[in-house]
Amino acid sequence: MKGAIMAAAALIPMVALLFSVSSAYPAPSGQLDPHFYDHSCPKAQQIVASIVGKTHYQDPRMAASLLRLHFHDCFVKGCDASILLDSSGSIVSEKRSNPNKDSARGFEVVDEIKSALEAACPGTVSCADILALVARDSVVMTGGPGWIVPLGRRDSRGASVQGSNNDIPAPNNTLPTIITKFKLQGLDIVDLVALLGSHTIGDSRCTSFRQRLYNQTGNGLPDNKLDVSYAAALRPRCPRSGGDQNLFFLDPVTPFKFDNQYYKNLLAYRGLLASDEVLFTDSPATTELVKLYAANQDIFFQHFAQSMVKMGNISPLTGANGEIRKVCRRVNHN
Ligand code: HEM
């Protein structure tokens, strides 16, 4: 009985998902098209949403992990599912890169979605589009905004571990470096501050922020942009050495809810990563946006949805470029 109630409860966000998708934010014109699979695979979006919904019920962190995969895909050679390729032949998997190793997850969920789509409409829906759809569905499942996802991306026939290392910002990058890395992808300061609101869900490992707790600038002192009592609460499970893989909520206040709490944390110097807190401390333009989103969740949601569409538009392969992989982990044979 309890199981049935929980299963029913898990369906509520899924129903919300199906409605929100048709109503929310319009897609900008571009090479991609929200109706791309309307005739070739009319059930594509439903299939994706139902598997994301089922997974969310089994593992509430997975929404965050799936959202991050789309970001780590798009920042490396564009949104082309390069992150999903395993190493083989001449391909060195991006899964081995610094930002992804021991960290990126959700690949089995993508495999399951791809198998279901191949059964329904073989050779039709790209792995890159699956990532764009699961990112949107994951945000909706956790209470965030919906948006219409432009579709028609094709999949790469290669990966770039070097691109993954260089192009994805690191948590100890300075704000100017982070701004530059976003600019290289055609994303501006509004996109940066809005998209980082993704850190309202999900986890970070100790190794990604340890430096802040003990020796931020090489003078043996903790980061002075980190609340003292928050730092003290983090230290026991993130010691000077060891515990690298220990997990911490990026937003400890509402860790599974997609809301604007992330920005409220930044105002209190309780951003977990250095790259989070600098949005509030290091430039007047980003500070203003942090304050705006902390005060107004609706504007955050609106900007976030727009910026996700923009990120999803980074250099897609279309037309005759790339391929529709049969299995997301490997390229098709000729
Ligand atoms: C300056 C840019 C960014 C930096 C430096 C950054 C860095 C990080 C780091 C270090 C982690 C924790 C990884 C670990 O320790 O295992 C993380 C997690 C995460 N990031 Fe970012 N990130 C950035 C932007 C973004 C963007 C644009 C998105 C989405 C659009 C995003 C979504 C996420 C999510 C959802 C998680 C939690 C994943 C999980 O729990 O599996 N991040 N990020």
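Quantities reported herein were computed from a predicted structural model and do not represent experimental measurements. (Residues numbered from 1 in each chain as written. Predicted model: local features only at pLDDT ≥ 70, side-chain atom pairs only at ≥ 80, totals over all residues. Heavy atoms only, no water.)

**Brief notes about the state of the cysteines**
Cysteine pairs can be covalently joined through their sulfur atoms, and such a bond is termed a disulfide.
Alright, step 1. Inspection of the entire model under this criterion finds 4 disulfides.
Alright, step 2. One disulfide bridge connects cysteine 74 with cysteine 79, the sulfur atoms lying 2.1 Å from each other. Across the disulfide from cysteine 74 to cysteine 79, rotation about the S-S bond amounts to roughly 115 degrees, and the bridge is consequently right-handed. As far as burial versus exposure is concerned, cysteine 74 and cysteine 79 are alike and both buried.
Alright, step 3. Covalently, cysteine 127 is tied to cysteine 328 through a disulfide, its sulfur atoms 2.1 Å apart. Note on the cysteine 127 and cysteine 328 pair: the S-S dihedral is about -95 degrees, so by sign convention the disulfide is left-handed. Here cysteine 127, found in helix α5 (residues 127-141), pairs with cysteine 328, found in the segment after α14 (297-312); they are 201 residues apart in sequence, far enough to count as distant.
Alright, step 4. Sequence-ordered numbering of the bonded cysteines in the chain gives a disulfide pattern of 1-4, 2-3, 5-8, 6-7. (Disulfide = S-S within 2.5 Å. Buried < 20%, exposed > 50% of the residue type's maximum accessible area, 1.4 Å probe, protein only. Helix = DSSP H or I, 4+ residues; strand = E, 2+ residues; numbered from the N terminus.)

**Description of the packing of aromatic side chains**
Alright, step 1. Within this structure, the stated rule accounts for 16 aromatic pairs.
Alright, step 2. Taking the centre distance of 5.5 Å and the plane angle of 75 degrees together, the rings of phenylalanine 249 and phenylalanine 256 count as edge-to-face.
Alright, step 3. By relative accessible area, phenylalanine 256 is classed as partly exposed at 41%.
Alright, step 4. With a centroid separation of 6.0 Å and 50 degrees between ring planes, the pair formed by phenylalanine 258 and phenylalanine 301 is classed as tilted. Within this pair, whereas phenylalanine 258 is found in the loop between β2 (247-249) and α11 (261-267), its partner phenylalanine 301 is found in helix α14, the two being separated by 43 residues in sequence. There is no split in this pair, since phenylalanine 258 and phenylalanine 301 are both buried.
Alright, step 5. It is arginine 235 that lies over the ring of tyrosine 214; its NZ or CZ is 5.9 Å from the centre. (Phe/Tyr/Trp six-rings, centres within 6.5 Å; stacked < 30°, edge-to-face > 60°. Lys NZ or Arg CZ within 6 Å of the ring centre and 35° of its normal.)

**So, the nonpolar core**
Alright, step 1. Among the nonpolar cores identified, the biggest contains 71 residues, and Leu84, Ile113, Leu117, Tyr263 and Leu279 are the most heavily contacted of them.
Alright, step 2. No other element matches α5, which puts 10 residues into this core.
Alright, step 3. Ranked by size, the runner-up nonpolar core spans 13 residues in total, among them Leu213, Leu226, Tyr230 and Leu272. (Core = buried A, V, L, I, M, F, W, Y, C linked by side-chain atoms within 4.5 Å.)

**Topic: the UniProt feature "domain: Plant heme peroxidase family profile" (unreviewed entry) in the chain**
Alright, step 1. The sites that UniProt annotates as "domain: Plant heme peroxidase family profile" (unreviewed entry) are residues 31-332.
Alright, step 2. End C-alpha to end C-alpha, residues 31-332 measures 24 Å, and it is 45% helix and 2% strand. (UniProt positions renumbered as here; feature names shortened; annotations may be inferred.)

**Thoughts on the site of the ligand**
Alright, step 1. In the vicinity of the ligand there are 24 residues, among which Ser65, Ser103, His199, Arg205 and Ser208 approach most closely.
Alright, step 2. Between the ligand and histidine 199, the relevant distance is 2.9 Å, taken from a nitrogen atom to a side-chain nitrogen or oxygen of the residue.
Alright, step 3. In this structure, serine 208 approaches the ligand through a side-chain N or O atom, which is 2.6 Å from an oxygen atom.
Alright, step 4. When residues of the shell around the ligand are traced back to their parent elements, those giving at least two are α3 (62-74), α7 (175-183) and β1 (203-205). (Near = heavy atom within 4 Å. Polar contact = N/O pair within 3.5 Å; in protein donor to acceptor, adjacent residues only side chain to side chain.)

**Examining the coordination of the iron atom of the ligand**
Alright, step 1. Within the protein, just one atom coordinates the iron atom of the ligand: His199 (NE2), at a distance of 2.1 Å.
Alright, step 2. Counting through the fold element by element, histidine 199 comes out in the loop between α8 (189-195) and β1. (Donors = N, O, S within 2.8 Å, 3.2 Å for Na, K, Ca; no water.)

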